[in-house]
Amino acid sequence: MIIAVVGVAGTLGGSLLTQRGSERAKLREIELVREHEEIRESRSLRRTCYAELNRDARQFNTALNRHLHVMRERGAEDADSVALDEAKNAHRDRYSEAQMIAPEEVLMRASAVNQALNKVYGQVKRLERGAPGPGETTETAAQAQYEVWGMLRTMRTAMRHDLGVSHEDGEADGHLEAVFGGGAEMSPGTEVG
């Protein structure tokens, strides 16, 4: 009788232990799937933010270049200033988003770009008003604007590295620029179309 009770208890106990183990394994699997989904969603959010920030920063820099050309050729009009301010505002909005989700390495590069763009914007506005700061000319503003392209490349490389889509040494970016000529990144005073 005792042997029968122990056998039944062992069988029931074994079933309970197996069921508990199975439940724990399922919970771990659910947690791993949830964790994987969160990582995927975070990467997707960063990818979208980075693409928009890269685009809007480049468009702001291009708008600064165009505005400087307009100032040299005919003087800026209200429509020109509105276009520049729209590009600035779009960049500001994307940069604000990046501040909330980008890791420190990317944010450091994005901050450098943001500061450089705003510095050039300030120079352009002072020149436009006819009240330049010491040493500020359209040529110095154009040179500062041109230098932002290098910062943009550095920011883009940091973003690509964070997303896991670039080489460590940036060799792919350098190769593409050599093949395609670097896009809109032209020397100061060169018209961008």
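Scroll up to find the structure this text is about.
Residues numbered from 1 in each chain as written. Predicted model: local features only at pLDDT ≥ 70, side-chain atom pairs only at ≥ 80, totals over all residues. Heavy atoms only, no water.

> It is not clear to me how the pattern of salt bridges should be interpreted in this structure. Could you clarify?
When charged atoms on two side chains of opposite charge get close, those side chains can pair. For the structure shown, the criterion picks out 12 salt bridges. Here Asp56 ties to Arg55 by a salt bridge, and the two come within 3.0 Å at their closest N and O atoms. Overall, the relative accessible area of 38% leaves Arg55 in the partly exposed class. What you see here is one network of salt bridges that share partners, running through Glu52, Arg55, Asp56, Arg94 and Glu97. (Salt bridge = Lys/Arg side-chain N within 4 Å of Asp/Glu carboxyl O. Buried < 20%, exposed > 50% of the residue type's maximum accessible area, 1.4 Å probe, protein only.)

> Can you help me understand the packing of aromatic side chains in this one?
Any two aromatic rings considered together are summarised by their centre-to-centre distance and by the angle between their planes. Applying the stated rule across the entire model yields one aromatic pair. Here the guanidinium or amino end of Lys88 rests over the ring plane of Tyr121, the centre of that ring lying 5.2 Å away. (Phe/Tyr/Trp six-rings, centres within 6.5 Å; stacked < 30°, edge-to-face > 60°. Lys NZ or Arg CZ within 6 Å of the ring centre and 35° of its normal.)

> Please explain the side chain of His67 as it appears in this structure.
You can see His67 is positioned in helix H1 (residues 2-73). What makes His67 buried here is its relative accessible area of 2%. At 2.5 Å, the side chain of His67 forms a polar contact with the side chain of Glu128. In contact with His67, not counting residues within four places along its chain, are Ala76, Asp80, Ser81, Leu84, Val124 and Glu128. (Helix = DSSP H or I, 4+ residues; strand = E, 2+ residues; numbered from the N terminus. Polar contact = N/O pair within 3.5 Å; in protein donor to acceptor, adjacent residues only side chain to side chain. Contact = heavy atoms within 4.5 Å.)

> Any chance you could explain the packing of helix H2 (residues 78-101) against helix H3 (residues 104-129) here in plain terms?
Helix-helix packing is described using two parameters, namely the angle between the two axes and the distance between the axes. Running from N to C, H2 and H3 point in directions that differ by 160°, and their axes come no closer than 11 Å. Classed by the angle they form, the pair H2 and H3 counts as roughly antiparallel. Crossing hand, H2 versus H3: left-handed. Side by side, H2 and H3 meet where Ser81, Leu84, Asp85, Lys88, His91, Tyr95, Ala98 and Gln99 of the first sit next to Leu107, Ala110, Ser111, Asn114, Leu117, Asn118, Tyr121, Val124, Lys125 and Glu128 of the second. Broken down by class, the residue content of the contact of H2 with H3 amounts to eight nonpolar, six polar and four charged. (Axes fitted to C-alpha atoms, helices over the stretch in contact; angles between N-to-C directions. Parallel < 35°, antiparallel > 145°, perpendicular 65-115°, else oblique. Left-handed = near helix turned anticlockwise from the far one by under 90°. Nonpolar A, V, L, I, M, F, W, Y, C, P; charged D, E, K, R; others polar.)

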